[in-house]
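# Inside the fold
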Amino acid sequence: MAIFIVKRLFYMVFVLLIVSAIMFALFRTMPGDPVDIHVPPEVAAGLLPHELEVLRAQITEELGLDQPHVVQYFIWLGNMLQGNFGYSISSRQPVWDHIRSPMANTLFINIINLILVFSITIPIGVYSAIRRGKTFDNGALLFSMFGLSVPNFLFALILIFIFAITLGWFPIFGIQSAMPPEPWTLAWLGDRMRHMALPLATMVLTSLAGIIRFTRSSMIDALNMDCIRTARAKGVAEKTVIFVHAFRNALVPIITVTIGAFLAVFGGSVVIEQTFGWNGMGRVMLTALNQRDIGVMMTMNMFFILMGFLSILIMEILYVIVDPRIRFR
């Protein structure tokens, strides 16, 4: 296992370097000039042409944009390896300070979402497979079909109309009140939970359908395996057959979808965050793209790619642990 992990980490570093160079080249060739963000139209209008040129040259030098792209890339890479992610052009603060709060907000709501989703979907999917063709199974399939057909923003609008506008139980917009309570108190936690209720409910409802169907299908395939028939023929207790033998065989595809859902945590949900005004990673990425904030875009993309590689490595290790037939090669 150790040799396998070391090889994977070596490949990971090699691919990260290639991908980072490609992304850096793509972002640097995007249309538009980052200097324009630092020189608003009202400022440019009050300067003489030569004064404007001097100001633009000064800003270009400060941002390091006067260097060739290859030099800019290696400067950026060296700073990144030292933990210096650069400065955000839009907020004029270090990139880490710029994305720290949105990342915490995204992780907070998405991890709770994952816990709720898998606590609900796995039992329902397993029970649907056991009761295949019965009333419960048909109801679960009907709900899944409905959930897959309705887009998440429509779920969000329905919840807003019922629970925010009609009943007035929850706020519609933001992550906290205009004058929030003192941080890390019960009142502060209650205020955050009230603002999180509707976006969290939307995320849970829109995530249930697909994972229920996936878990059900995996469990049905596992129950139809020859080893399960053999266990039943030997008189093994039905609970042991289902929850020890069949469920373990169904875990490999479930692990795959779990890792995919975990990766989606770090990207946030742009639609949900825009609808409810939730300051998360999705909104930050969208804003960075609109403003050509290359430091933020590069940092976030490299973070997503690194998490993707690590998640795949963890997934492969879990495959071996769950299924003894799989071996490291």
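As shown above, the structure is provided for reference.
Sequence order as written defines residue numbering, which begins from 1 separately in each chain. The model is predicted, so local features are restricted to residues of pLDDT at least 70 and side-chain atom pairs to those at 80 or more, both for listing and for counting; the totals for chains, interfaces and linings are taken over all residues. Excluded from the side-chain calculations are hydrogens and water; all other atoms, namely the structure's heavy atoms, are used.

So, about the overall build of the chain. Each helix and strand counted, the chain has 14 helices and 0 strands in total. A compact globule built from 329 residues would reach a C-alpha radius of gyration of about 20 Å, whereas the chain, at 25 Å, exceeds it by more than 25%. Projected onto its principal axes, the C-alpha positions of the chain cover 90 × 60 × 35 Å. In the form shown here, the chain has an accessible surface area of approximately 18,400 Å², with 69% of it arising from carbon and sulfur atoms. Taken together, the 23 basic and 19 acidic charged side chains of the chain have centroids lying 21 Å from each other. By the criteria applied, helices consist of DSSP H or I runs no shorter than four residues and strands consist of E runs no shorter than two, each listed in order from the N terminus. Just to be clear, the radius of gyration here is over C-alpha atoms, and the globule rule we use is 2.2 Å times residues to the power 0.38. Here the Shrake-Rupley method, with its probe set to 1.4 Å, supplies the accessible areas, and only the displayed protein chains count as covering residues. The convention is simple: Lys and Arg are positive, Asp and Glu are negative, and His and the chain ends are not counted. We put the charge of a Lys on NZ, of an Arg on CZ, of an Asp on CG and of a Glu on CD.

We now examine the packing of aromatic side chains. To pair, rings of Phe, Tyr and Trp, with the six-membered ring standing in for Trp, must have centres within 6.5 Å; the planes then decide the type, stacked if under 30 degrees apart, edge-to-face if over 60, and tilted in the middle. This structure, assessed with the given rule, holds 10 aromatic pairs. Taking the centre distance of 6.0 Å and the plane angle of 35 degrees together, the rings of Phe24 and Trp76 count as tilted. Of this pair, Phe24 sits in helix α1 (residues 2-28) while Trp76 sits in helix α5 (residues 69-81), and the two are 52 residues apart along the sequence. The buried label goes to any residue with under 20% of its type's maximum accessible area, the exposed label to any with over 50%, and the partly exposed label to all in between, with areas taken from a 1.4 Å probe on protein chains only. We classify Trp76 as buried; its relative accessible area is 12%.

Turning next to the layout of surface pockets. In this structure, the largest pocket spans a volume of roughly 610 Å³. The set of elements that each furnish at least two residues to the lining of the largest pocket consists of α1, α4 (49-63), α5 and α14 (294-322). At 4 residues, the largest contribution of residues to the lining of the largest pocket is made by α5. Note on residue categories: nonpolar means Ala, Val, Leu, Ile, Met, Phe, Trp, Tyr, Cys or Pro, charged means Asp, Glu, Lys or Arg, and polar means any other residue, Gly included. Grouping the constituent residues of the lining of the largest pocket by class yields 12 nonpolar, 9 polar and 3 charged. Taken as a whole, the second largest pocket encloses approximately 420 Å³ of empty space. If you trace the second largest pocket, you find 15 residues lining it, with Met80, Phe85, Met302, Phe303 and Leu306 closest to the centre. Looking at the lining of the second largest pocket, the elements with two or more residues in it are α1, α5, α6 (95-130) and α14. A pocket, in this scheme, is an open set of points on a 1 Å grid over the protein atoms alone with protein on both sides within 12 Å along at least 5 of 7 lines, while a cavity is a set where a 1.4 Å probe fits but cannot get out; residues line either one if an atom lies within 4 Å of a point. Grid points are joined across faces, edges and corners, and a volume is the space filled by probe spheres set on the points.

To count toward a patch, a residue needs a relative accessible area above 30% and no salt bridge. Like charges then connect within 9 Å, nonpolar side chains (Val, Leu, Ile, Met, Phe, Trp, Tyr) within 5 Å. We define a salt bridge as a contact between a side-chain nitrogen of Lys or Arg and a carboxyl oxygen of Asp or Glu at a distance within 4 Å. Residues Phe153, Leu154, Leu157, Ile158, Phe161, Ile162, Ile165, Leu167, Trp169, Ile172, Phe173 and Val271 make up a contiguous nonpolar surface patch of roughly 1,100 Å² in combined accessible area. The element best represented in the nonpolar patch is helix α8 (residues 152-166), accounting for 7 residues. Along the chain, the position of Phe173 falls in the loop between α8 and α9 (186-223). Judged by relative accessible area, which is 54%, Phe173 ranks as exposed.

To continue, consider α4. Working rule for helices: expected span equals 1.5 Å times residues minus one. With 15 residues, α4 should reach 21 Å at 1.5 Å per residue; the first-to-last C-alpha distance of 21 Å fits that figure. Following α4 by one or two positions, Gly64 has its phi on the positive side, about 75 degrees.

Turning our eyes to something else, we now look at the packing of α6 against helix α7 (residues 135-149). Whenever a helix is involved, its axis is fitted only over the stretch in contact; in every case the axis is a line through C-alpha atoms, and angles between N-to-C directions fall within 0 to 180 degrees. As a packed pair, α6 and α7 sit with axes 8 Å apart at the nearest point and diverge in direction by 130 degrees. In terms of axis orientation, α6 runs oblique to α7. Every pair of crossing elements has a handedness; the one defined by α6 and α7 is left-handed. Here α6 contributes Ile124, Tyr127 and Ser128 to the contact with α7, which in turn contributes Phe136, Asp137 and Ala140. Among the residues making up the contact of α6 with α7, the classes are represented as 4 nonpolar, 1 polar and 1 charged. Each angle receives one of four descriptions, namely roughly parallel if under 35 degrees, roughly antiparallel if over 145, roughly perpendicular if within 65 to 115, and oblique otherwise. Here a crossing is called left-handed whenever its near helix is offset anticlockwise from the far helix by less than a right angle, and right-handed whenever the offset is clockwise. By the convention used here, residues are in contact when the closest approach between their heavy atoms is within 4.5 Å.

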